[in-house]
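Now for the letters of each chain:
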Amino acid sequence: MPSTRRTARQTDLLERLVALLAAEGFASFTLDELTERLRCSKTTLYQLAGSKQELVREAVKHYFREAAGAIEKQVADTSAPADRVVVYLNAVAERLRPLSRRFLDDMAQFEPAREVYEANTRLAAARIRQLIANGVAAGAFRDVHAAFVGEVVAATMQEIQRGEVAARTGLSDAEAYAELASLIVHAVSP
């Protein structure tokens, strides 16, 4: 079973695993192929997680945990309410940009990974609701119903996540998030 505290070597391996999976997806990889590509043993991989499925879930969790921290740091460095919304959604877009379509498709098909992505999408929508409510309270935004705006954002994020926006518009997930940021800020501006 994986330890909750990782060594520097394990963290490096997990980050290399995340980079590999983000670039090439994960459905077609076997554990033997992963060990060959990562130049490690199965025992080393099993220190991160007990199976390929758990390893994928752990990699996805790690990716989104790191992304959330970086996104929140960018938001914390921004003060104007409209800028905070734009920075937040653009930071989400930037964090999605390195994820290949194959990875996103594999994640949509693999329930444990999809659950992690969906949980992060719900957290992102809640964060947008909070940012909108703060902007309304500060007088920077029109008096909009922040929860409704959050629900619209959540619904759009879910369609982006499932690849539906890309299929209908040709936008990448990252481009769709950037467009969503522009749309939301213009919709709530006075």
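Quick caveat, the model's predicted, so the values are computed rather than measured. (Residues numbered from 1 in each chain as written. Predicted model: local features only at pLDDT ≥ 70, side-chain atom pairs only at ≥ 80, totals over all residues. Heavy atoms only, no water.)

Visitor: I tried to follow empty space enclosed by the protein on my own but got confused; where do I start?
Guide: Empty pockets left among the atoms are what a rolling probe the size of a water molecule brings to light. In total, this model carries one cavity of 30 Å³ or more according to the counting rule given. Lining the largest cavity we find Val18, Leu21, Ala22, Ala59, Val60, Tyr63, Leu99 and Phe103. The set of elements that each furnish at least two residues to the lining of the largest cavity consists of helix 1 (8-24) and helix 4 (52-76). Split into classes, the residues belonging to the lining of the largest cavity amount to eight nonpolar, no polar and no charged. (1 Å grid on protein atoms, 1.4 Å probe; cavity = no way out; pocket = protein on both sides within 12 Å on 5 of 7 lines; lining within 4 Å. Points joined across faces, edges and corners; volume = space filled by probe spheres on them. Helix = DSSP H or I, 4+ residues; strand = E, 2+ residues; numbered from the N terminus. Nonpolar A, V, L, I, M, F, W, Y, C, P; charged D, E, K, R; others polar.)

Visitor: Sorry, what's going on with the environment of Val86 here?
Guide: Turning to its location among the elements, Val86 is positioned in helix 5 (residues 81-96). Assessed through its relative accessible area of 26%, Val86 is described here as partly exposed. Placed 92 residues apart in sequence, Val86 and Ala178 show a C-alpha to C-alpha distance of 8.0 Å. Leave out the neighbours within four places in its chain, and Val86 touches Ala181 and Val185. (Buried < 20%, exposed > 50% of the residue type's maximum accessible area, 1.4 Å probe, protein only. Contact = heavy atoms within 4.5 Å.)

Visitor: Just to check I follow, could you spell out helix 2 (residues 31-38) for this structure?
Guide: Two residues of an α-helix separated by three or four positions point the same way, owing to the 3.6 residues in each turn. Taken together, the buried positions of helix 2 are occupied by Leu31, Leu34, Thr35 and Leu38. Projected down its long axis, helix 2 carries its buried residues within an arc of 95°, all on one side. Residues of helix 2 that are buried sit in contact with helix 1, helix 3 (42-48) and helix 4. Positioned one or two residues after helix 2, Arg39 has a phi angle of 55°, which is positive. (Arc of directions from axis to C-beta.)

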